Amino acid sequence: MTDWTRRKFFFSTLGAALAASTQRLFGATSSASAPGVFAARPAAASDFRPIIISSANGVTHLDDGMAILKSGGDTLDAALAVVTKVEDDPNDDSVGYGGLPNEDGVVELDASVMHGPTHRAGAVASVQKIKNPSLVAKAVMEKTNHVFIVGSGALQFAEDEGFIPMNLLTERSRIAWLAWKAQSSENWRPGLDSPQWKAQLATLLDTPEKMAWREHIEQVVAHPITGTINCLAVNSKGEVSGTTTTSGLSWKIAGRVGDSPVIGAGLFVDNEVGGAGSTGRGEENIKISGGHTIVEMMRRGSSPTDACLEALHRVARNYQAFPERLKQFHIQFYALNKHGEYGAGSLWGKHPNGARVQYAVHDGTKAQLLPTTPLFDEVGGDY
Ligand code: GLY
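**Points about the sheet that holds strand S7 (residues 267–270)**
Phase 1 of the analysis: Read across the open sheet, the 5 strands follow the order S7-S8-S9-S10-S13; overall the sheet is mixed. Unpaired on one side and paired on the other, S7 and strand S13 (373–379) mark the two borders of the sheet. The average undirected angle you get between the axes of adjacent strands in this sheet is 15°.
Phase 2 of the analysis: By the bridge criterion, 4 bridges tie strand S10 (residues 342–350) to S13 in an arrangement that is parallel. Directly across from Gly-345, in S13, lies its bridge partner Thr-373.
Phase 3 of the analysis: Strands in contact with helix H11 (residues 290–299) are S7, strand S8 (274–280) and strand S9 (331–337); relative to S8, the strand with the most contacts, it is inclined by about 145°.
Phase 4 of the analysis: Sheet strands touched by helix H12 (residues 304–317): S9, S10 and S13. Its angle to S10, the strand with the most contacts, is close to 35°.

Put into structure tokens, the structure is as follows:
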């Protein structure tokens, strides 16, 4: 055999082997005979309907996402239409512009996107000065050979892509940060020689407008938040995408990254199955890869709600040695499968203020808040 013939023989044998194994690989996932495999369910076009769900803070914007789904738009564009409104909102201090800063007073944002139909993902973490990290994550997915860019590299990338840097600290967030510092250190309160010695908020809230912020600021100083918005969408073709975006834990150490930008934790989508995301204490979610866990549970036949509860069960199990500490924090999971079935679970049934934990759903008729299914039907912490 000449060199060329040998090479030709090698490639045609390799080609045939690849074709056979690819057929086995892709045939297996859609085979109706594969027991317990999610994709074995009937998948006629009429099975699918547009649904969009999010954490409760997205409820007023779900109409925008649903309009995109109904007009045949892309599922990731629909989810982004929802979360970018929250990123732009200075009054949501857990996401984007107005997000509470790190311990140095710098707003650092994290976000991820997953586009089910093309099996792609993008994420950014600790990105400063750009109010829509979800769109930067999308640009990472679409414009680069990478999935995850962080810190100064993420800011540089965003600027190169035409995102305009800005000051993300609103006056309310800045004063909340100063109040937190004043609580942590006497050096950040009026001194011995001041008529307002030791006064904290009084000197910061020096106008009627600022005085109206008192209750909120006292709350976020006492209970650092990990707000966040997650949004998941499915269209009438059964295509699924999602995004999660956050300013992370308030007063965090600079560079702390939570679960939101971590693919498989704060967000996971598999177009054959569905998607899942999370809000709340990211540290707990990262340890159980919640987003991935939930999608894999759904693949094996769990309902979205049961899959969320399984993830919460794993979070709780990690505190077997100190069960009372579970009361310190909150975590929520959201799940949507490609057939439009959805659900959400929360570690606790109620927020510290007594309000029921909820999530937002638009089923094509209207957006509404629904109660999450709690693992424990009691009041939880906000940490
Ligand atoms: N879940 C948002 C965070 O922990 O940063």
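Still more to cover.
**Brief notes about the packing of aromatic side chains**
Phase 1 of the analysis: The full count for this structure, using the stated rule, is 4 aromatic pairs.
Phase 2 of the analysis: On the numbers, 6.2 Å between centres and 55° between planes, the contact of Trp-177 with Trp-188 is tilted. Here Trp-177 is found in helix H6 (residues 171–184), whereas its partner Trp-188 is found in the loop between H6 and helix H7 (201–204), with 11 residues between them in sequence.
Phase 3 of the analysis: Relative accessible area serves as the criterion here: at 13%, Trp-177 is assigned to the buried category.
Phase 4 of the analysis: A residue is classified by how much of its surface remains accessible, and Trp-188, at 46% relative accessible area, is partly exposed.
Phase 5 of the analysis: A centroid spacing of 5.0 Å and a plane angle of 35° characterise the contact between Trp-348 and Phe-376, whose relative ring orientation is tilted. Note that Trp-348 is positioned in strand S10 and Phe-376 in strand S13, a separation of 28 residues in sequence.
Phase 6 of the analysis: Its relative accessible area of 5% is what places Trp-348 among the buried residues.
Phase 7 of the analysis: The exposure class of Phe-376 is partly exposed, given its relative accessible area of 29%.
Phase 8 of the analysis: Over the ring of Phe-329 we find Arg-281; its NZ or CZ atom is 5.9 Å from the centre of that ring.

**Focus on the confidence of the model for the protein chain**
Detail in the predicted coordinates should be disregarded across regions flagged by low pLDDT.
Phase 1 of the analysis: Averaged over all residues, the pLDDT of the protein chain equals 88, while 87% of them reach at least 70.
Phase 2 of the analysis: Under a pLDDT of 50 for its full length, residues 1–15 has, in the predicted model, 2 contacts with residues more than four places off or in other chains.
Phase 3 of the analysis: Between residues 17–37, whose pLDDT stays under 50, and residues either more than four places distant or in other chains, the model counts 14 contacts.

So, how was this worked out
- In this convention, every chain numbers its residues from 1, walking through the sequence in written order.
- Only residues with pLDDT of 70 or above have their local features reported here, since the model is predicted, and side-chain atom pairs are shown and tallied only from 80 upward, although totals for entire chains, interfaces and linings are computed over all residues.
- Hydrogens are left out, water is left out, and the side-chain values use all remaining heavy atoms of the structure.
- Criterion used throughout: strands pair if DSSP finds at least two bridges between them.
- Numbering of helices and strands runs from the N terminus, with a helix taken as a DSSP run of H or I at least four residues long and a strand as a DSSP run of E at least two residues long.
- Only C-alpha atoms enter the line fits that serve as axes; for helices the fit covers just the stretch in contact. Angles between N-to-C directions range over 0 to 180 degrees.
- Note on definitions: a residue-residue contact is assigned when non-hydrogen atoms from the two residues lie within 4.5 Å.
- A pair of aromatic rings is counted whenever rings of Phe, Tyr or Trp (Trp by its six-membered ring) have centres within 6.5 Å, and the orientation is called stacked for planes under 30 degrees apart, edge-to-face for over 60 and tilted otherwise.
- Classification of residues uses two cut-offs on accessible area relative to the type maximum, computed with a 1.4 Å probe and protein chains only: under 20% is buried, over 50% is exposed, and between them is partly exposed.
- Comment: the charge-over-ring label is applied if NZ (Lys) or CZ (Arg) is within 6 Å of the ring centre and within 35 degrees of the ring normal.
- Confidence of the prediction at every residue is given by pLDDT, a number between 0 and 100.

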